[in-house]
Amino acid sequence: MMDAALIDARGLNKSFGTIPILRGIDLSVAPGVAAMIIGRNGAGKSTLIRLLAGLSAPTTGEAMLFGASSRTLDAASRRRFAIVTHQSFLYPNLTARENLQFYGDLYGVPDSLNAVPKWIERVGLAFAADTRVRTFSRGMEQRLTLARAMMTRPDVLLMDEPFAALDADGVALVASLLREAIARRCAVVLTAHQPVAIDGLKFDLYEIVRGRLLDTSREPLAASFRAQQTG
Amino acid sequence: MAGFVAVLRKDLRLELRTGESTIALVALSLLILVVLVFALDPVGGVRDAATAAGALWVALIFAGMVGSTRAMLSERDHGCIRALLLSPIDRGALYAAKLLAAFIFMAVAEAAAVLLMVLFFNLDFDSRLLRLAPIIALGALGFSALATLLAAISGRIRAGDLLLPLLAVPMFVPALIAGVKASGAALSGAPFDAFAQWIKILVAFDVIFLTTGYLLFEHAIAED
């Protein structure tokens, strides 16, 4: 018997004014499954992540996490969910350690005093643990954002272009974090401009084209993406 | 409770580190009092307690608006407010933490403003200032409660900083009248019974806006 989906979108539509951004999105992600959604700039990837997270209300349709509307999640469900977006959610005038400690306290991370330095070390920022985030490069900020999201050990993970601004080591870091998350049956949705291959991980690959979500197992990738995959 | 403590501790830590809100509030209070001193009596005549109380409350209102706006603005940087909305923290606890932080910043600024008022309005440093303290505290609490709620709304829209005073000042008028009357009476040495009814109005205002803010903050801060 299949596990119930942790992430479920049914007939999601989103318009800004009269401009439709997303049209009839259906997406279901079970525990231990990773879905990668690719699309060009402006295709609607970030909007979809925001809708799934409950940060934005759909025009019609429903986005659900853990079987409940993502707009009305209770505290227990919010504790099981993490997100990485273009915005880091980090306080520029706090240090890396203070930022993680704050989120650790907010989420009730067990033994956060030990977990925080462990995660700072894990994302390769031990040398900057007590430096204010406002002095960080974009890549360093992205690494700390990953630590912020992963230290809560979420059961649902939404990532909007997690590879952006990262060097090769950073990409490898995301890959290893994703492998661990999937291994403990976390449901993942991540977006990217183009398909990304990660050793040991198999993604359900979708493409957003003009606001519609195409399942690439049934519909071919756009020609430009196909060329990148085979090239 | 853990979320409340985490948010409050974070806000206080940020303020201790940068001093942005407190410095801005104290500077604004100083500026307002200086302007009012010259505007009301440029040649240095007798300054009465009622005028001093009025000037103090003008400083309280404008400093309070800056304080509440800044407390919410720090959450808009890097989208941190979204992180708070997605986190397990209860919305009421989030409101209480932001409100308490704004109140503390305002209280520090008001303490400085009272000292400046005494100097500028030729008042005495005596026990009458102690009678003033709870009145100012009630006013600052009520204004923080109102402005924190309104700052959550105005922060979501363009030019919201302009909208905040347009919403906050008219709504604060009942408390302003009560606060000025009570402060004037306290500073002039009148017995407590003479201004007890004004204190009751301040308390009622605080209860109304603390309750309203606690109940509505979730809707005020939610994104569309």
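Residues numbered from 1 in each chain as written. Chains lettered and ligands numbered in written order. Predicted model: local features only at pLDDT ≥ 70, side-chain atom pairs only at ≥ 80, totals over all residues.

### Here's the deal with the overall build of chain B
Defined as follows: Starting at the N terminus, helices and strands are each numbered in turn, a helix being any DSSP run of H or I of at least four residues and a strand any DSSP run of E of at least two. As a reference, a globule follows 2.2 Å times the number of residues to the power 0.38, and the radius of gyration itself is taken over C-alpha atoms.
When helices and strands are tallied, chain B shows 8 helices and 0 strands. The order of α-helices and β-strands along chain B, N terminus first, is α-α-α-α-α-α-α-α. Scaling as 2.2 N^0.38, a compact globule of 224 residues should have a C-alpha radius of gyration of about 17 Å, and chain B matches this with 18 Å. Summarising its shape, the C-alpha atoms of chain B cover approximately 55 × 35 × 30 Å along the three principal directions.

### Considerations on the interface of chain A and chain B
Stated precisely, the cut-off is as follows: Here contacts are defined at the residue level, using C-beta atoms placed from the backbone and a cut-off of 7 Å between them. The residue classification treats Ala, Val, Leu, Ile, Met, Phe, Trp, Tyr, Cys and Pro as nonpolar and Asp, Glu, Lys and Arg as charged. All others, Gly included, are polar.
Taken together, the 23 residues of chain A in the interface contact 21 residues of chain B. Elements with a contribution of two residues or more to the side of chain A that touches chain B: α2 (75–79) and α3 (96–107) of chain A. The element that contributes the greatest number of residues to the side of chain A that touches chain B is α3(A), accounting for 5 residues. Taken together, the residues of the side of chain A that touches chain B break down into 13 nonpolar, 6 polar and 4 charged.

### With respect to the sheet that holds strand β10 (residues 212–215) of chain A
Residue and element names in this part refer to chain A. Basically, it comes down to this: Two strands are counted as paired when DSSP detects at least two bridges linking them. Helix axes use the C-alpha atoms of the stretch in contact, all axes being lines fitted to C-alpha atoms, and the angles between their N-to-C directions lie in the range 0 to 180 degrees.
Ordered by their spatial adjacency, 6 strands build an open sheet running β6-β7-β8-β3-β9-β10, and the pairing between neighbours is mixed. In this open sheet, the two edge strands, each paired with only one partner strand, are β6 (81–84) and β10. Across the sheet, the axes of successive neighbouring strands diverge by a mean angle of 20°, strand direction being ignored. Pairing of strand β7 (residues 156–160) with strand β8 (residues 187–192), which is carried by 5 bridges, proceeds in the parallel orientation.

### As for the pairing of strand β4 (residues 60–65) of chain A
All names here are of chain A. Sheet topology note: the strand β1 (residues 7–16)/β4 ladder contains 5 bridges and is antiparallel. Within β4, the position partnered with I7 by the bridge is L65. Pairing of β4 with strand β5 (residues 68–69), which is carried by 2 bridges, proceeds in the antiparallel orientation. Of the residues in β5, the one forming a bridge with L65 is A68.

### Describing helix α1 (residues 45–53) of chain A
Residue and element names in this part refer to chain A. To keep it simple, the criterion reads: Comment: burial labels come from other C-beta atoms within 10 Å of the residue's own C-beta, placed from the backbone, where a count of 20 or more is buried, 12 or fewer is exposed, and between is partly exposed.
The element α1 is largely enclosed, with a buried count of 8 among its 9 residues. Considered for burial, the residues of α1 that qualify are K45, T47, L48, I49, R50, L51, L52 and A53. Once α1 ends, the next one or two residues include G54, with phi positive near 85°.

### What about helix α6 (residues 128–154) of chain B?
Here is the rule: Here a helix's expected span is defined as the number of its residues, less one, multiplied by 1.5 Å.
The end-to-end C-alpha distance of α6(B), which contains 27 residues, comes to 38 Å, matching closely the 39 Å that a straight helix rising 1.5 Å per residue would cover. In terms of burial, α6(B) is largely enclosed, as 19 of its 27 residues are buried.

### Considering the sheet that holds β5(A)
Residues and elements named next belong to chain A. Spatially, 4 strands are ordered β2-β1-β4-β5 in an open sheet, and the strand pairing comes out antiparallel. Two strands bound the open sheet, and with one partner strand each, they are β2 (19–29) and β5. Pairing of β1 with β2 involves 7 bridges; the strand directions are antiparallel. Within β2, the residue paired with A9 across the bridge is L27. On top of the sheet, α1 reaches β1, β2 and β4; it is set at about 125° to β1, its chief contact.

### Concerning the domain arrangement of chain A
All names here are of chain A. Rules: Note that domain bounds follow an automatic or database assignment of domains.
One can read the domain layout of chain A as domain 1 (1–80 + 154–231) and domain 2 (91–153). Placing a centre on the C-alpha atoms of domain 1 and another on those of domain 2 gives a separation of 24 Å. With 12 residues of domain 1 at the interface, the matching set in domain 2 holds 13 residues. Considering each element in turn, the side of domain 1 that touches domain 2 owes the most residues, 5 residues, to helix α6 (residues 168–183). Class assignment of the residues belonging to the side of domain 1 that touches domain 2 gives a composition of 8 nonpolar, 1 polar and 3 charged.

### Some thoughts on the packing of helix α2 (residues 20–40) of chain B against helix α3 (residues 49–76) of chain B
Residue and element names in this part refer to chain B. Stated precisely, the cut-off is as follows: Throughout this description, any angle smaller than 35 degrees is read as roughly parallel, any larger than 145 degrees as roughly antiparallel, any in the 65 to 115 degree range as roughly perpendicular, and the remainder as oblique. Crossings are assigned a handedness: left-handed for a near helix turned anticlockwise from the far helix by less than a right angle, right-handed for a clockwise turn.
Direction vectors running N to C along α2 and α3 enclose 150°, while the axes themselves pass 9 Å from each other. The pairing of α2 with α3 is recorded here as roughly antiparallel in orientation. Note that α2 runs across α3; the crossing there is right-handed. Counting all contacts with α2, which are made through E20, S21, A24, L25, L28, S29, I32, L33, L36 and L40, the residues of α3 involved are T51, A55, V58, A59, F62, A63, V66, G67, R70 and A71. Within the contact of α2 with α3, the residues separate by chemical class into 14 nonpolar, 4 polar and 2 charged.

### Observations regarding the environment of V7(B)
All names here are of chain B. Position of V7 among the secondary structure elements: in helix α1 (residues 2–18). Along the chain, V7 and K98 lie 91 residues apart, while their C-alpha atoms are 7.6 Å from each other. Residues in contact with V7, not counting those within four places in the same chain, are I89, L94 and A97.

### Quick notes on the packing of helix α5 (residues 91–120) of chain B against α6(B)
Residues and elements named next belong to chain B. At a minimum axis separation of 9 Å, α5 and α6 run at an interaxial angle of 140°. Between α5 and α6, the crossing angle belongs to the class labelled oblique. When you trace α5 past α6, the crossing you get is right-handed. Where α5 abuts α6, its residues Y95, K98, L99, A102, F103, M106, A107, E110 and V114 lie against L129, L132, I136, A137, A140, L141, S144, A145, A147 and T148. Looking at the contact of α5 with α6, its residues break down into 15 nonpolar, 2 polar and 2 charged.

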